[in-house]
Amino acid sequence: MIGELPPAHVTHEVLNQAPTLEGYNLFEQDRALVAALEREGALWAHERVTQLGAIAGGEPFRWGVQANAYPPVLRSHDRFGYRIDEVEYHPAWHQLMQLAVEHELHALPWRSPRPGAHVARAALFYILSQAEAGHGCPISMTYSSLPALRVQPDVAAEWEPRLTSTEYDPRMLPAPQKRGALCGMAMTEKQGGSDVRANTTRAAPLGASGPGAEYAITGHKFFCSAPMCDAFLLLAHTPRGLSCFLMPRWLPDGTRNRFHVQRLKDKLGNRSNASSEVEFDGAWARMVGEEGRGVVTIIEMVNHTRLDCVIGAAAGMRQALSQATHHAAYRSAFGKRLIEQPLMQNVLADLCLESEAATVSMMRLARAYDDAAETGERSFPRIATAVIKYWVCKRHPVVVAEALECLGGSGYVEESIMPRLYREAPLNSIWEGSGNVICLDVLRAMGREPDTVEAFFDELGLAAGGDARLDAFVDALRADLQDFSAIETRARRLVERMALALQGALLVRAGDSDVTEAFCASRLAGDHGLAFGTLPAGIDFARIVERARPQLDAA
Ligand SMILES: Cc1cc2nc3c(=O)[nH]c(=O)nc-3n(C[C@H](O)[C@H](O)[C@H](O)COP(=O)(O)OP(=O)(O)OC[C@H]3O[C@@H](n4cnc5c(N)ncnc54)[C@H](O)[C@@H]3O)c2cc1C
């Protein structure tokens, strides 16, 4: 006989928790993005970006959880022992991929070239990347492959219709039998990634040699993401030097190519996306572009993936900021909501500046790709891509770490999404030129193509007279760039300041007045500590935060 127990489930009441941030429009609730879409020439895309913004705020977040909780698995052989080299994904991955392809994230500017097409695509990619970043890898590589592929018109004529199809077809079949195809990239080898001249993979002609000809490729690649893509652009040596090739997964006779997946990488983050090590055992490929000019050919692809690294990093920051401001708006401590605590306001406002500066610079950069397509003006994107890629990707992990802390212990817990955002954050800085390599690339552009420096300062000049702190910062930067002593050692500092000048100029011309004031005071005039939350007093922090915070009741 026991005494009467109290009713079940009444040990305590659950109080003081924020509701889940879901069901909101990721576009409409992002004022910096809405303004930039119009400013950078893609107002025509407002409706379609709004539509994806509404979709992305719902189901795709759940797909993101599943696709990362159940990562892809390599099936090297079938049950009879035949080699198949296939990767199996959770259905959620396919749902994300289908959504991205249907919305043309892999192909919009190539399907419908018009002013603002890269800008519109940047906004779409930024929105869906917030729900899940991993699937952005094959989407980005497919988008980026087209400019390189077009260097070889006969190969492009065959592949472009497949790569720009809006039907996602994940079946492992020869590309001619599929409704749509995807393209990857394989450059990095064990002995060298940044320094591709160290590549040892070699190509032997199967008959005639030269652009468009067939070759047998022998060697390996240490990183080859999304190995279920239908084809890959890669580099291999011929007698005339490094050349670019397109290698399909299937041979023209309908049998499998000798593209062997050795294993999948066990990665820090980006777990939904398979990244593999591959071997080519005399695999069939066609040369793209001139023999010996492989780096020049594939760099077209690399430039576009660098733009996507910027978009991916800006998206990661925006989602982390959204989660942090949302949490702080509902959670109370010491008698006030966190969002009303002066020191938390300083932290959140500081994060808002970083996120907004990333968003506006990403959209300006995307417009440079539109301008290049229209007018052939390539000097500004040549240098600005590297400058912005370096800085926005460098800020990404620190922003996410600080945003995570705003949620306290809950931010460290997987269900909050913050750990996934955190693990993802360092990746864009490694991809497509790690930090140092990118800074050295800026020096290379300045040395070999002085027009790029002129174009960069022309852009800064558009904001001249708008803020005395910006003017002084740009003058000092110009003077520093004349000094070539120990230039490699100083490269990070120079590129960082170039990025801050560009972000400052963009904000001075078109930014919100409080955000611009805080940015100029802290980032340009130096009134700032080393951590976030060290903005000078006297700025309307509450307004900056409220402006950036997604409002569930407006959903
Ligand atoms: C998840 C993931 C997926 C990937 N997917 C692909 C893919 O699909 N296809 C592909 O081709 N690659 C892929 N990569 C590889 C990636 O692009 C390379 O890791 C990157 O380019 C760096 O090359 P590395 O790893 O060989 O490093 P290294 O080239 O050895 O560089 C190591 C460090 O040294 C620095 N460094 C290099 N040169 C200099 C210098 N001269 N001065 C100062 N510092 C220098 C670099 O900045 C870097 O910090 C992937 C990587 C990851 C992590």
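For the structure, see preceding data.
Residues take numbers from 1 onward in each chain, read along the sequence in its written order. In keeping with the model being predicted, local features are shown solely for residues with a pLDDT of at least 70 and side-chain atom pairs are shown and tallied solely at 80 or more, while totals for entire chains, interfaces and linings include all residues. Excluding hydrogens and water, the side-chain values take into account all heavy atoms of the structure.

J.: I tried to follow unusual backbone geometry on my own but got confused; where do I start?
T.: The general pattern is negative phi for most residues beyond glycine and trans for most peptide bonds. Even without being a glycine, Asn270 presents a positive backbone phi close to 55°. Mapped onto the fold, Asn270 is located in the loop between strand 8 (259–264) and strand 9 (275–288). Phi is positive for Glu432, which is not a glycine, with a value near 60°. A helix here means a DSSP run of H or I that spans at least four residues, while a strand means a run of E at least two residues long, and both kinds are numbered starting from the N terminus. Positionally, Glu432 belongs in the loop between helix 13 (427–430) and helix 14 (435–448). The class of Glu432 is buried, set by a relative accessible area of 16%. To sort residues, take the accessible area from a 1.4 Å probe on protein chains only and compare it with the maximum for the residue type: under 20% means buried, over 50% means exposed, and anything in between is partly exposed.

J.: Hey, could you run me through the pattern of salt bridges in this one?
T.: Any two side chains of opposite charge can pair, on the condition that their charged atoms come close. A pairing counts as a salt bridge when a side-chain nitrogen of Lys or Arg comes within 4 Å of a carboxyl oxygen of Asp or Glu. One pass over the full model with this rule turns up 45 salt bridges. Among the salt bridges present, the one from Arg423 reaches Glu414, with a minimum N-O distance of 2.8 Å. What makes Arg423 partly exposed here is its relative accessible area of 24%. Of the residues examined, Glu414 reaches a relative accessible area of 44% and is grouped as partly exposed. Arg547 serves as the salt-bridge partner of Asp512, at 3.4 Å between the closest nitrogen and oxygen. Here the residue Asp512 occupies a position in the loop between helix 17 (491–510) and helix 18 (513–524), and Arg547 occupies one in helix 19 (residues 541–548), the gap between them amounting to 35 residues. For the pair shown, Asp512 and Arg547 are each scored as buried. Here the residues in one salt-bridge network are Arg306, Arg382, Asp441, Arg444 and Glu449, joined through shared partners.

J.: Any chance you could explain the pairing of strand 6 (residues 231–238) here in plain terms?
T.: Along any regular strand the residues' side chains alternate between the sheet's two faces. Taken across its eight residues, strand 6 has seven buried, putting it largely inside the fold. Note on pairing: DSSP must find at least two bridges between two strands before they are called paired. Relative to strand 6, strand 3 (residues 183–186) is paired through four bridges, and the arrangement is parallel. For Ala186, the partnering residue across the bridge sits in strand 6 and is Leu234. Note: strand 6 against strand 7 (residues 241–248), eight bridges, orientation antiparallel. Bridging across to strand 7, Leu233 finds its partner in Leu246.

J.: Even after reading the chapter, I still don't get the side chain of Asp512, so can you show me in this structure?
T.: The buried category is assigned to Asp512, whose relative accessible area is 11%. Among the polar contacts listed, one links the side chain of Asp512 to the backbone nitrogen of Val515, at a separation of 3.1 Å. A distance of 3.4 Å separates a polar atom in the side chain of Asp512 from a polar atom in the side chain of Arg547. Beyond its immediate chain neighbours, meaning those up to four positions away, Asp512 contacts Glu356, Arg543 and Arg547. Counting of polar contacts relies on pairs of N or O atoms within 3.5 Å, with two restrictions inside protein: one atom must be capable of donating a hydrogen and the other of accepting it, and residues adjacent in sequence are counted only when both atoms are side-chain atoms. Contact criterion: two residues are considered in contact whenever any of their non-hydrogen atoms come within 4.5 Å of each other.

J.: What am I meant to see in the packing of helix 6 (residues 117–131) against helix 9 (residues 294–330) here?
T.: When two helices pack together, their arrangement is given by the angle between the helix axes and the distance between those axes. To obtain an axis, a line is fitted to C-alpha atoms, over the contacting stretch when the element is a helix, and the angle between two such axes runs from 0 to 180 degrees between their N-to-C directions. With their axes 8 Å apart at the nearest point, helix 6 and helix 9 run at an angle of 45° to one another. Classified by the angle between their axes, helix 6 and helix 9 sit oblique to one another. The handedness of the crossing between helix 6 and helix 9 comes out as right-handed. On helix 9, the residues touching His118, Arg121, Ala122, Phe125, Tyr126, Ser129 and Gln130 of helix 6 are His304, Asp308, Ile311, Ala314, Ala315, Arg318 and Gln319. A class-by-class count of the residues in the contact of helix 6 with helix 9 yields six nonpolar, five polar and three charged. Note that the term roughly parallel is reserved for angles under 35 degrees, roughly antiparallel for angles over 145, roughly perpendicular for angles of 65 to 115, and oblique for everything else. By definition, turning the near helix anticlockwise from the far helix through less than a right angle yields a left-handed crossing, and turning it clockwise yields a right-handed one. All amino acids are sorted into three groups, where Ala, Val, Leu, Ile, Met, Phe, Trp, Tyr, Cys and Pro are nonpolar, Asp, Glu, Lys and Arg are charged, and the leftover types, Gly among them, are polar.

J.: Can you help me understand the site of the ligand in this one?
T.: By convention in this text, a residue qualifies as near a molecule or strand provided that one of its non-hydrogen atoms is within 4 Å of it. In the vicinity of the ligand, 19 residues are found, and the nearest of them are Met187, Thr188, Gly193, Ser194 and Ser225. A distance of 2.7 Å is found between an oxygen atom of the ligand and a backbone nitrogen or oxygen belonging to Met187. Between a nitrogen atom of the ligand and a side-chain N or O atom of Asn436, the distance comes to 3.0 Å. Per-residue accessibility takes into account occlusion by the displayed protein chains alone, with areas from the Shrake-Rupley method and a 1.4 Å probe. Here the ligand has 980 Å² of accessible area as a free molecule, and 65% of this is covered by the chains. Counting only elements with at least two residues in the shell around the ligand, the list comes to strand 3, strand 5 (214–225), helix 13 and helix 14. Among the residues forming the shell around the ligand, the class breakdown is 10 nonpolar, eight polar and one charged.

J.: In this structure, what is going on with the layout of surface pockets? I would like to understand it.
T.: Take a probe with the size of a water molecule and roll it over the atoms, and the empty space left behind shows itself. In this structure, the second largest pocket spans a volume of roughly 680 Å³. Going through the elements one at a time, helix 3 (59–69), helix 9 and helix 12 (418–424) are the ones with two or more residues in the lining of the second largest pocket. With six residues, helix 3 is the single largest residue contributor to the lining of the second largest pocket. A per-class count over the lining of the second largest pocket returns nine nonpolar, 10 polar and seven charged. As defined here, a cavity is a set of points on a 1 Å grid over the protein atoms alone where a 1.4 Å probe fits but cannot get out. A pocket is an open set with protein on both sides within 12 Å along at least five of seven lines, and residues line them when an atom is within 4 Å of a point. Grid points are joined across faces, edges and corners, and a volume is the space filled by probe spheres set on the points.

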